[in-house]
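Structure assessment
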Amino acid sequence: MNFIKASVQRYQLGSLLLLVLLLAVVLPLSLDIFRLNLVGKYLTYAFVAVGLVMVWGYGGVLSLGQGVFFGIGGYAMAMFLKLEASDPITTKIQSTPGIPDFMDWNQITELPALWLPFKSLPLSLALVVLAPMALAWLVSFAMFKRRVGGVYFAIITQAVALICTVLIIGQQGYTGGVNGMTDLKTLLGWDTRTDSAKYVLYYVCVGLLVLSILLCRWVQTSKLGTLLLAMRDKEDRVRFSGYDVSNFKVFTFCLAAGLSGIGGAMFALQVGFMSPSFVGIVPSIEMVIFCAVGGRMSLVGAVYGALLVNAGKTLFSESFPDLWLFLMAALFIGVTMAFPMGLAGVWEEKIRPWWKSRRQALREAAVKPPATPAPIAPAATPPEPTLTEPTLPDGVGSQRA
Amino acid sequence: MSNTDFALAVEDLTVSFDGFKAIDDLTLYIDRNELRVIIGPNGAGKTTLLDLICGKTRASAGSIKFKNTELTRMAEHKRVRLGIGRKFQTPSIYENLSVFQNLEVSFPKGRSVFGALAFKCDDEVKAKVQAIASEIGLADRLDTEAGLLSHGQKQWLEIGMLLMQEPELLMLDEPIAGMSARERELTADLLKRICQNRAVIVIEHDMAFVKQIAHKVTVMHQGKILAEGPMEKVQADPKVIDVYLGH
């Protein structure tokens, strides 16, 4: 029992349990399948946001190109699904049956070699994680070994995002171009478009997200996590303590890329298509916003950030399609100026102390019941309840870091 | 370059920044178990010399040998792993981590990525942290956030972080800068204790402090060595009086 309590505290599982409760019980019970599927889509971005907490929050390296890794993971999954959807019988009207429709439109008569690994599900699933990590390794190894960092690294990741978009759109015959890969139907014969499949995929998504958070928590509590914080503070001191600083940054960057890839794959499965509009600069920056709003030092906070911003996006863009982008920008500027640590920071610095002092006051009031009905001290102006959560009981972990 | 018995052998070392020679054909030997103090006017190249030895700056020419291993082309972290520790001029500690974590991170195990993931803070590490913390007088501050320490304590903490690595060559750049008189005394005692079984190079300006700790003094001027020897001899050297000590 004590062991459980200790590990709950060590890994700050309290806030994670609360999140699981919300995602696995509250939302499925209160939303219809259309909305739940949307939440599932938002959660795929949360994978990227969680990765950004590691890279940006802990590692201190801002990447504005996470959409690339999300996209690669998504495309890897989508390519498998697309091949399955393009069996010779359904595509018999094409001039070359058995290849994806967009290849046929682009006068390609044979499946390109690049596509061959995606005939196998295990291989595709492996590539969902490994392909983004390989690209991340290439970019980050080249940059971090040369000690490129800070804003220069951010610009280079932007360039990578731009290059990838151009490449995907330009190579229409191989990638489906600007339309992306559409009409994804089945996974090994299992129709992913039915309501029941959407429920299953939603829960798989939640499960994977929780596992990712646990993995990151474990990394954070290891010596590597401490080293990342140390590097962010005094990189030279770490280097002159005998550590090859660049290796640690490369590892973190690859970890985030792998997680983003999983997010992308879940996106392709749940939404049923993948297109370059999730790869480029704008989506990459949006992903940073999710992370910033949630709190870049908090894994759980990043999930809330992804959920809230995307829910807001859906809500506002349904009502004010033209205004949405401005609102988004205002949100980002407002949050970073007013709450640099995001929602998690508000929780940690404002709500929790307020709740603690209130509990303290209540306890004192209970100990000595006043003879005269004492005027109840006006509680300090309660900060607006930004989180949708009920307040945590004392000591049940936190969303911090 | 021939091999020597010295802990550190710097020979014909030169580094030039855009033609300006910050270190000019400098030769310097440090014995094992020696505490050497380097003094000299500002811009003499003292800090640059330490930068060259630890790898922060690359040499233009010459050789630096530590225990007869050539260092000039070696990456910084590898030099540290050979046993070279360097304290920077301004206290360079991890302000957001506790004193314990600062020392723990400096423990020389789990230095690779996966080594760090698998690293366990076991009894050996804890005992070591405890021992070093008492050595530097911070045993009761282990849980304090390092950023909250006083300036002098930060200097000690950084020395402690180096001691965690058991370096065979310890280089301290102005370790008593900004310290009170009492803290200086404590630091002098600390330095005398820790120079057992290792070579120590200290850069310092405070002559009283230098007198207290130095085995031998090297005076640098314009990237060259002006004089070298015991404190009394150096202090009496007319060249040194001319450029540094004053009349």
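In short, a report on the structure. (Residues numbered from 1 in each chain as written. Chains lettered and ligands numbered in written order. Predicted model: local features only at pLDDT ≥ 70, side-chain atom pairs only at ≥ 80, totals over all residues. Heavy atoms only, no water.)

1. What about the overall build of chain A?
Along chain A, the regular secondary structure elements total 16 helices and two strands. Its C-alpha atoms give chain A a radius of gyration of 23 Å, near enough to 21 Å, the size a compact globule of 401 residues would have. Counting only C-alpha atoms and orienting by the principal axes, one finds that chain A spans roughly 90 × 55 × 50 Å. Taking all 401 residues of chain A together, 53% fall into the buried category. A separation threshold of at least 6 residues defines the contact pool for chain A, and within that pool the share at least 24 residues apart is 79%. As displayed, chain A has an accessible area near 18,300 Å², and 69% of this comes from carbon and sulfur atoms. Counting 30 positive and 22 negative side-chain charges, chain A places the averaged centre of each group 11 Å from the other. (Helix = DSSP H or I, 4+ residues; strand = E, 2+ residues; numbered from the N terminus. Rg over C-alpha atoms; globule rule 2.2 N^0.38 Å. Buried < 20%, exposed > 50% of the residue type's maximum accessible area, 1.4 Å probe, protein only. Contact = heavy atoms within 4.5 Å. Areas by Shrake-Rupley, 256 points an atom, 1.4 Å probe, with all protein chains shown as cover. Lys, Arg positive; Asp, Glu negative; His and termini not counted. Charge placed at Lys NZ, Arg CZ, Asp CG, Glu CD.)

2. Regarding the overall build of chain B
Along its length, chain B carries ten helices and ten strands. At 18 Å, chain B has a C-alpha radius of gyration in line with the 18 Å of a compact globule built from 247 residues. Here the C-alpha coordinates of chain B stretch approximately 55 × 40 × 35 Å along the principal axes. Counting across all 247 residues of chain B, residues that qualify as buried make up 57%. Considering only intrachain contacts with a sequence separation of at least 6, the fraction spanning at least 24 residues in chain B is 66%.

3. Looking at helix 3 (residues 33–58) of chain A
In an α-helix, one turn spans 3.6 residues, which is why side chains three or four residues apart end up on the same side. Residue and element names in this part refer to chain A. With 26 residues, helix 3 should cover 38 Å at 1.5 Å per step; its first-to-last C-alpha distance of 36 Å lies within 8% of that length. Where helix 3 bends most, at Leu52, the angle is about 30 degrees. Buried residues dominate helix 3, accounting for 23 of its 26 residues. Capping the start of helix 3 is the job of one residue whose side-chain oxygen sits 3.0 Å from the backbone nitrogen of Phe34: Asp32. (Expected span 1.5 Å × (residues − 1). Bend = angle between axes of the 7 residues up to and from the residue. Polar contact = N/O pair within 3.5 Å; in protein donor to acceptor, adjacent residues only side chain to side chain.)

4. Things to note about the sheet that holds strand 10 (residues 224–229) of chain B
Residues and elements named next belong to chain B. An order of 6-7-8-3-9-10 is seen for the six strands of this open sheet, with the pairing classed as mixed. Each edge of the open sheet is held by one strand with a lone partner, namely strand 6 (84–87) and strand 10. Strand-to-strand twist in this sheet, taken as the mean axis angle between neighbours without regard to direction, amounts to 15 degrees. Where strand 3 (residues 35–39) lies against strand 8 (residues 199–203), four bridges are found, and the strand directions are parallel. Bridging across to strand 8, Val37 finds its partner in Val202. Of the strands in this sheet, strand 6 and strand 7 (169–173) are in contact with helix 6 (residues 151–164), which crosses strand 6 at around 170 degrees. (Pairing = 2+ DSSP bridges. Axes fitted to C-alpha atoms, helices over the stretch in contact; angles between N-to-C directions.)

5. Remarks on the layout of surface pockets
The computed volume of the largest pocket comes to approximately 1,100 Å³. Lining the largest pocket are 34 residues, with Tyr58, Gln220, Thr221 and Leu229 of chain A together with Gln101 of chain B positioned closest to its centre. When residues in the lining of the largest pocket are grouped by element, the largest group, five residues, is from helix 10 (residues 223–233) of chain A. Residue classes in the lining of the largest pocket are distributed as 13 nonpolar, eleven polar and ten charged. Volume-wise, the second largest pocket comes out at about 500 Å³. Lining the second largest pocket are 20 residues, with Ile72, Tyr75, Leu114, Ile168 and Thr175 of chain A sitting closest to its centre. Here the lining of the second largest pocket takes six residues from helix 4 (residues 66–85) of chain A, the largest share from any one element. Of the residues assigned to the lining of the second largest pocket, the class counts are 17 nonpolar, three polar and no charged. (1 Å grid on protein atoms, 1.4 Å probe; cavity = no way out; pocket = protein on both sides within 12 Å on 5 of 7 lines; lining within 4 Å. Points joined across faces, edges and corners; volume = space filled by probe spheres on them. Nonpolar A, V, L, I, M, F, W, Y, C, P; charged D, E, K, R; others polar.)

6. Examining the pattern of salt bridges
Close approach of charged atoms allows side chains of opposite charge to pair. Residues and elements named next belong to chain B. Evaluated as defined, the whole model comprises 27 salt bridges over all chains. Of the charged contacts in the structure, one is a salt bridge between Glu166 and Arg198, with a shortest N-O distance of 3.5 Å. With Glu166 in the loop between helix 6 and strand 7 and Arg198 in the loop between helix 7 (181–194) and strand 8, this residue pair connects regions lying 32 residues apart in the sequence. The exposure class of Glu166 is partly exposed, given its relative accessible area of 46%. (Salt bridge = Lys/Arg side-chain N within 4 Å of Asp/Glu carboxyl O.)

7. Things to note about the interface of chain B and chain A
Listed per partner, the contact involves 33 residues of chain B and 25 residues of chain A. Both faces combined, the contact of chain B with chain A buries some 2,400 Å², and carbon together with sulfur accounts for 63% of it. For the pair chain B and chain A, the number of links is three salt bridges. Note that Asp236 of chain A and Lys56 of chain B form a salt bridge whose closest N and O atoms lie 3.8 Å from each other. (Buried area = accessible area lost by both parts, 1.4 Å probe.)

8. Let's talk about the state of the cysteines
Residue and element names in this part refer to chain A. Within this structure, the stated rule accounts for zero disulfides over all chains. Free of any disulfide, Cys164 has its nearest neighbouring cysteine sulfur in Cys254, separated by 15 Å. With relative accessibility at 16%, the residue Cys164 sits in the buried group. (Disulfide = S-S within 2.5 Å.)

9. Remarks on the nonpolar core
The biggest cluster of nonpolar side chains holds 170 residues, and the ones touching the most others in it are Leu43 and Met77 of chain A together with Leu103 and Leu157 of chain B. Not counting residues within four places of it along the chain, the set of residues in contact with Leu103 of chain B comprises Val129, Ile132, Ala133, Leu142, Leu157, Gly160, Met161 and Met164 of chain B. Of all hydrophobic cores here, the second largest spans 32 residues; its members include Ala44, Ile53, Cys54 and Phe66 of chain B. (Core = buried A, V, L, I, M, F, W, Y, C linked by side-chain atoms within 4.5 Å.)

10. Thoughts on the sheet that holds strand 2 (residues 20–30) of chain B
Residues and elements named next belong to chain B. If you walk across this open sheet you meet the four strands as 2-1-4-5, and the pairing is antiparallel. Each of the sheet's edge strands pairs with one partner strand only, and the pair in question is strand 2 and strand 5 (69–70). In this structure, strand 4 (residues 61–66) lies alongside strand 5, joined through two bridges in antiparallel fashion. The partner of Phe66 across the bridge, within strand 5, is Thr69.

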